[in-house]
Amino acid sequence: MATLPVRLAAAGLLFALPLAGTAALADGAAPPAVINVSADGDATLVPDMATVSLSVVSQADDTATALSDNSAAMQKVIDALKQNGIADKDVQTSNFSVSPRYQQVKADDGTMTSEIVGYEVQNGLNVRVRDLSKLSAVLDQAVKLGVNSGGGISFSNSDPSAAEDEARREAVANALAKAETLAEAAGVTLGKVMSISEQSSMPQPMMMRADVMMAKAEGAPPIAAGENTYNITVNMTLAIEQ
């Protein structure tokens, strides 16, 4: 009988712990009052390099002929690129495919069926041109040597960090100005910055007209590089002074 009080005391302690925890939660500090804002910043930069997609498409009655014709034409294009000062590291095969060509044929019973009438080989390159003054001539020569498909051009910058930093500064300034306006309208005072994050967007590729890439024009195609716009979005959380 001497152990009974000890057991009752222990049971009472087990029931008391959850109550103590609940009381602690009730006494916890309220989350701080904050203002959340988002703002954009932009900066432009003249491109200093470009990446262009070039493809040679060849068709023949059999795969061997189609592949042989395609390989010969593509090799001439690659050799010409090197002669124009394009480094090996800046020429990369982007796709290669061999596919049959079908034709709808009417059978004796009047139904339509598909039959293979030949084959098509396509070989594509992504070419980085680091000297934009050569871009027009490179495209002109590539078309004359056999390029008959492609045309996507992406103008870029070898080092866009200065433009991105300028966009960041503008985005932060715009975010702070927006927060000040919100605080003034609400009749509160801004405190310190509690968190800040960013998202960036890169310039979108510009597409050349297909007729420029596929036509055997006498003159080199005109190229306009324009400007790249770098965009930074800043998300900022600022405290409200109590």
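Refer to the preceding data block for the structure.
Bear in mind that the values here come from a model prediction, so they are computed numbers and not experimental data. (Residues numbered from 1 in each chain as written. Predicted model: local features only at pLDDT ≥ 70, side-chain atom pairs only at ≥ 80, totals over all residues. Heavy atoms only, no water.)

Draft legend 1. Focus on the overall build of the protein. A tally of helices and strands in the protein yields five helices and eight strands. Its helices and strands in sequence order give the protein the pattern α-β-β-α-β-β-α-β-α-β-β-α-β, from N to C terminus. Out of the 242 residues belonging to the protein, those deemed buried represent 29%. For the protein, the exposed area adds up to about 14800 Å²; of that, 56% sits on carbon and sulfur atoms. (Helix = DSSP H or I, 4+ residues; strand = E, 2+ residues; numbered from the N terminus. Buried < 20%, exposed > 50% of the residue type's maximum accessible area, 1.4 Å probe, protein only. Areas by Shrake-Rupley, 256 points an atom, 1.4 Å probe, with all protein chains shown as cover.)

Draft legend 2. The arrangement of the pairing of strand 8 (residues 228-241) in detail. With respect to burial, strand 8 is a largely interior element, eleven of its 14 residues being buried. Here twelve bridges tie strand 1 (residues 34-45) to strand 8, and the two strands are oriented antiparallel to one another. Bridge pairing links Asp42 to Asn231 in strand 8. Direction of pairing for strand 6 (residues 189-201) relative to strand 8: antiparallel, over a ladder of ten bridges. When the bridges of strand 8 are listed, Thr189 appears paired with Glu241. (Pairing = 2+ DSSP bridges.)

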